[in-house]
Structure formats: C-alpha cells, structure tokens
Amino acid sequence: MPARVGTSMVTLTQPQIEYLATQRLGRLATAGADGKPHVVPTSFRYNAELGTLDLGGRHVATTKKYRDVQANPWAALVVDDLASTDPWTPRMLEVRGRAEAIASGGAHLGPGFGEGFIRLYPEKVNTYGID
C-alpha cells in the first residue's frame, strides 16, 4: 500500500473507539498538489479490522478531498462535540496520518456511502475530554 510506506500507525484506545462510535460526522483536512488547505465535513466509520478510519459519502470519488489525497496523502480528521453545555464540556479527537483514495468497496460502510472512499491510517492522535 503506497500510502503507508515509511509510516508508523498508532492504535486508538478503547475510549477513543467508543467515542467515535457515538459520532457520525467529522471534518477532514487535506492539502492538494498546490499545498493549499481544504477542510470539509465528512462521514466516517472506524475500521476495527485494520485500525483505520474509513471516510466517505455518496460521491466521494468525484470530490476535491478525494483528489487532494491522491496528490498529497497527508490528512487529518477532527471529530468533536459538547458532552454538556452546563458546565461547558467539549470533547475532541484529532487523527493525523496518511490517507489513501480507494476507488471501490465504500458501499460496505453503510447507507449513504458510495463505492469510492478515503482510508486514514492513524499516526498521531490528540484528544480532549475523552481519555
């Protein structure tokens, strides 16, 4: 897999995995061949078999984020929410790593997912209010 050459994946903790299971929307940051940043909301699923995050939607293979990952495989996903507003209790999980654009197989992620998807291999994880 070219996207993983020379990388060192980290394993998400059980509390991080449980948090992700309660969320369905995150924000994916990519940079295209021009190096300019691009951040968009995206759906995701944790892939327990591979320890990756699989990101997608209906027509992901036609999007800028998909083309960005093909040009520059570095990406980050942020998932966050408020556990409570009284008192104000934010939670956040950021996963950085290499990503790969995969042309088929995304429909297995569930309803609303098309064939193309992005697979993010965690190399650095930052959290707030989760662990």
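That block above? That's the structure.
To start, this report covers the structure provided alongside it. (Residues numbered from 1 in each chain as written. Predicted model: local features only at pLDDT ≥ 70, side-chain atom pairs only at ≥ 80, totals over all residues. Heavy atoms only, no water.)

Taken in spatial order, the 6 strands line up as 1-2-3-6-5-4 and close into a barrel, and their pairing is antiparallel. Averaged over all adjacent pairs, the angle separating strand axes in this sheet is 40 degrees, with direction ignored. Summarising the sheet, strand 2 (residues 37-47) and strand 3 (residues 52-56) pair through 5 bridges and their orientation is antiparallel. Bridging across to strand 3, Asn47 finds its partner in Thr52. (Pairing = 2+ DSSP bridges. Helix = DSSP H or I, 4+ residues; strand = E, 2+ residues; numbered from the N terminus. Axes fitted to C-alpha atoms, helices over the stretch in contact; angles between N-to-C directions.)

This paragraph deals with the nonpolar core. By size, the foremost hydrophobic cluster in this structure holds 20 residues, and its most contacted members are Leu20, Phe44, Leu53, Leu55, Leu77, Ile118 and Leu120. Beyond its immediate chain neighbours, meaning those up to four positions away, Leu20 contacts Leu12, Phe44, Leu53, Val79 and Leu93. (Core = buried A, V, L, I, M, F, W, Y, C linked by side-chain atoms within 4.5 Å. Buried < 20%, exposed > 50% of the residue type's maximum accessible area, 1.4 Å probe, protein only. Contact = heavy atoms within 4.5 Å.)

Further remarks concern helix 1 (residues 14-21). Burial in helix 1 covers these residues: Gln16, Ile17, Tyr19 and Leu20. One face of helix 1 carries all of its buried residues, which in axial projection span an arc of 160 degrees. On its buried face, helix 1 is in contact with strand 2, strand 3, strand 4 (74-85), strand 5 (88-102) and strand 6 (117-128). (Arc of directions from axis to C-beta.)

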